[in-house]
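Summary of structural features
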Amino acid sequence: MEKIKKSIEIINLYNKHAEVRAKSNIPPLPLNPEQTEAVCNILASGTEDRIPEMTGLLKHRVSPGVDPSAKVKADFLGRITGGELSIKGITEKEAVDMLGTMMGGYNVKYLISALGNEKLAENAAEALSKTILVYDDFITVSELSEQNKFAEKVIRSWADGKWFLEKEELPSGIKVKIYKVDGEINTDDFSPASDAWSRPDIPLHALSMGRSKFPEGIETISKWREEGHIVAFAGDVVGTGSSRKSATNSLLWHIGDDIPFVPNKRRKGIVLGGVIAPIFFNTLQDSGGLPITTDVTKLKTGDEIVINMVEGTIKKTGSEEVLSTFEISPATLSDEYRAGGRIPLIIGRSLTEKAEQFLKTEKKTIFREIINPEPSKEQKFTLAQKIVGKACGFEGVLPGTSCEPFMTTVGSQDTTGPMTADELKELACLKFQTPMFMQSFCHTAAYPRPADIKMHKTLPGFITEREGVSLKPGDGVIHTWLNRFLLPDTVGTGGDSHTRFPLGISFPAGSGLVAFAGALGFMPLDMPESVLVRFNGKMRPGITLRDVVNAIPYFAIQEGLLTVPKKNKKNIFNGKIIEIEGMPDITVEQAFELMDATAERSAAAGTIKLSEKSVADYLRSNSALLSKLIEDGYKDSNTIQKRINDINSWLENPELLSADPGCEYSAVLEIDLSDITEPILSCPNDPDDVKLLSEVSGTKIDDVFLGSCMTNIGHFRAAGRIWENQKRNPEVRVYLDPPTRMDQNKLKDEGYFSLFNTMGSRIEVPGCSLCMGNQLRVPDKAAVYSTSTRNFDNRMGTGAQVFLGSAELGALVALKGKIPMPEEYFKTYNEKIAPHEDEIYNYLQFDNEYK
């Protein structure tokens, strides 16, 4: 009785939680394991007046896959189907049917067992025929099919694609009402960094969508939905910025449909964009949304239109006037929409192919045929095409190829990590198939909220249980760390748009695709075209790598390849791979500055050609660092050791891929480094809006931030040298944040912290700090000079006006309280930095540090 009493108390508290949430018009959280156990206890007790409520909770409010609550649910239902437990409200057949809604994972073994029970076998076969997350259990079912007709029926249903064919097709015509936001809508607008703590709670986080950009949006869309309209979101430029799936989750929460038996997630939302950022487009694909790239100039909020998926036209309801045209791209988009997303389509299609092969039947034509371009006999490939080709087992892959490269390295950071964990549970992942999955804690380390602290304690174990590697809060930025785990000429991904490898290539993704890459070891990719940025000449004294970064948009604008205005925006880099040549002897740390900034160009990925020496020096350093991690007790030690072995194997036989002479690019941008005659800055509040220092000199600055993944130890040494024997400017707030604990410790050892103190610098815990703006923020409407990655509206502070540039220039800005003239900057650089460049720009070499 005491157990039942306690269980009822738990559920009564859950119901109160549901009542509180209902006031905000959002559903309660899914049941946690304790609450699920309480539901099962009440059902087992036969408390008749609570049976309908408890069965409803068990059926609809438990997350599927290998969520801990799903295990409680599956075990309970398994006891019923196995005859161990008989309860009122759920028959054995109903228990089988309920197991069939759990997608895969903990439920599968009970369904397979039920195939041997004559009373339940038909229901179990029906349930399994629609379950695609079976993985190694396919072997169990296939072996069983030799003597069990119901198991054979399951195999045949998989081969026939029943799981797919019973889903609703993409309609030929869709009538929608338009909600449009003019200009650029970035992921901060959909998913504000200041509310990052709530991202795993999709309905709650969705309440913050559009707060500063389109504050009336939620109410307007909700009203139209209540009136029965399907609402499509439209924008000139949609989804730029971070790779956060929370942006997609929030938008789909307001315009999408509930997913049966998956609490608090939605799909099927329609997005129309003149430009849709590639990561956002992919995340919509993976989430079962319908992204359509089309001219939205003639579309206005409140318009009722018909999207004709056959003709590729958009017309006003009741009119034959064509407002816009489009092509369904990729060709598989309609299948992805039908399957519930690109990820379930890939997994299900693979299951169907395995069943066909087992049964030795002809391949079905139920899926859209993928027609890839064929390389010619003398085909020339770019570096990116060769790297991706190697990951697919080919010499190279051409643009437009639909492929599935092997993911050697996958990264996850903490504001998306809990969502990635949820996606891994839905994918029924108990062990990573990628050889390196790394979790960082860089976005929430400095000022953790209660939810962050809980995550810091629980997420590391979740990752290491699956043989991933978990860092610790305070270790530093995901990108700086993930680069230390890389192997040359391999492919990877990460749950942050700045996962841009300086070795090999990465295609950053939202948390769902990151989970997929980690769980299955490969990632779907429609190979983009490449743009070559070729540097030549020599950098002038005082010109930094950050100025070279900003030179790419600067010279692209001069060449007509990029425009700043968002309406009818031209961006040659959008969705393409930026391949960089002409600076082979820079260090890998420096190369990352160039790769990191490909995110701000909305590029899908980036590569850079480096010398064998630069790569070998970096890898020797990394091998030593990873060995130190094992020594210090980091887990999973076996996974780290395997990566050390792979690094050392490359060092024993160093070899790097190169682009073929005469290979083709969609565009080529030539930049003579000597043409960069003064520093170049990104101006408020657009990374593409770049100007020469002389054009913005004299602008008053309130705050200076030196930090983020765009920095390394050399930048902080340079700042310290400029601040030597100088007095603090009390009118300027200075924030410093070295990217890793190793950088910070080295700077302390070298005495730089005393120089930082003379500036009154606020030194942050190694991590993202102001760059993300999710916890630390500048005062409202502050004028800011920053070394961070991007400067979107309200990112670092409400109404903040943010310039982006080099740390060297930023140090001088901190002294003067304004952006200096070029001659002031060069004078300071030549006096303070130039004589000590070798010492300042001497990067961490851990094989020397840890001797």
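Residues numbered from 1 in each chain as written. Predicted model: local features only at pLDDT ≥ 70, side-chain atom pairs only at ≥ 80, totals over all residues. Heavy atoms only, no water.

1. Describing the sheet that holds strand 12 (residues 437–439)
Spatial ordering of the open sheet is given by 13-12-11-14-15, a layout of five strands whose pairing is parallel. With one partner strand each, in any of the chains shown, strand 13 (469–470) and strand 15 (505–506) form the two edges of the open sheet. Along the sheet, helix 22 (residues 511–520) contacts strand 11 (409–412), strand 12 and strand 14 (491–494); its crossing angle with strand 11, the most-contacted strand, is approximately 140°. (Pairing = 2+ DSSP bridges. Helix = DSSP H or I, 4+ residues; strand = E, 2+ residues; numbered from the N terminus. Contact = heavy atoms within 4.5 Å. Axes fitted to C-alpha atoms, helices over the stretch in contact; angles between N-to-C directions.)

2. Side note on the packing of aromatic side chains
A full pass over the atoms with the stated rule returns 21 aromatic pairs. Seen from their ring centres, Phe-753 and Phe-756 are 5.6 Å apart, and the 50° between their planes marks the pair as tilted. Linking Phe-753 with Phe-756, this pair stays in helix 30 (residues 752–758), spanning three residues, or about one helical turn. With relative accessibility at 18%, the residue Phe-753 sits in the buried group. Assessed through its relative accessible area of 2%, Phe-756 is described here as buried. Through successive ring pairs, a cluster of aromatic residues spans Tyr-179, Phe-190, Phe-214, Trp-224, Phe-233 and Phe-280. (Phe/Tyr/Trp six-rings, centres within 6.5 Å; stacked < 30°, edge-to-face > 60°. Buried < 20%, exposed > 50% of the residue type's maximum accessible area, 1.4 Å probe, protein only.)

3. Side note on the pairing of strand 14
What you see with strand 14 is no split at all: Val-491 and Thr-493 on one side and Gly-492 and Gly-494 on the other are buried throughout. Note: strand 11 against strand 14, three bridges, orientation parallel. Across the sheet, residue Thr-409 finds its bridge partner in strand 14, namely Gly-492. Judged from the two bridges that link them, strand 14 and strand 15 form a sheet pairing that is parallel.

4. Section: the pattern of salt bridges
Inspection of every chain in the model, using the stated rule, returns 56 salt bridges. With a shortest N-O distance of 2.6 Å, Arg-244 and Asp-188 are connected by a salt bridge. Placement of Arg-244 in the loop between strand 2 (231–240) and helix 14 (245–255) and of Asp-188 in helix 11 (residues 187–190) is noted, with a sequence separation of 56 residues between them. In terms of burial, Arg-244 and Asp-188 fall into one category: buried. Here Arg-795 and Asp-188 are joined by a salt bridge, their closest N and O atoms 3.1 Å apart. (Salt bridge = Lys/Arg side-chain N within 4 Å of Asp/Glu carboxyl O.)

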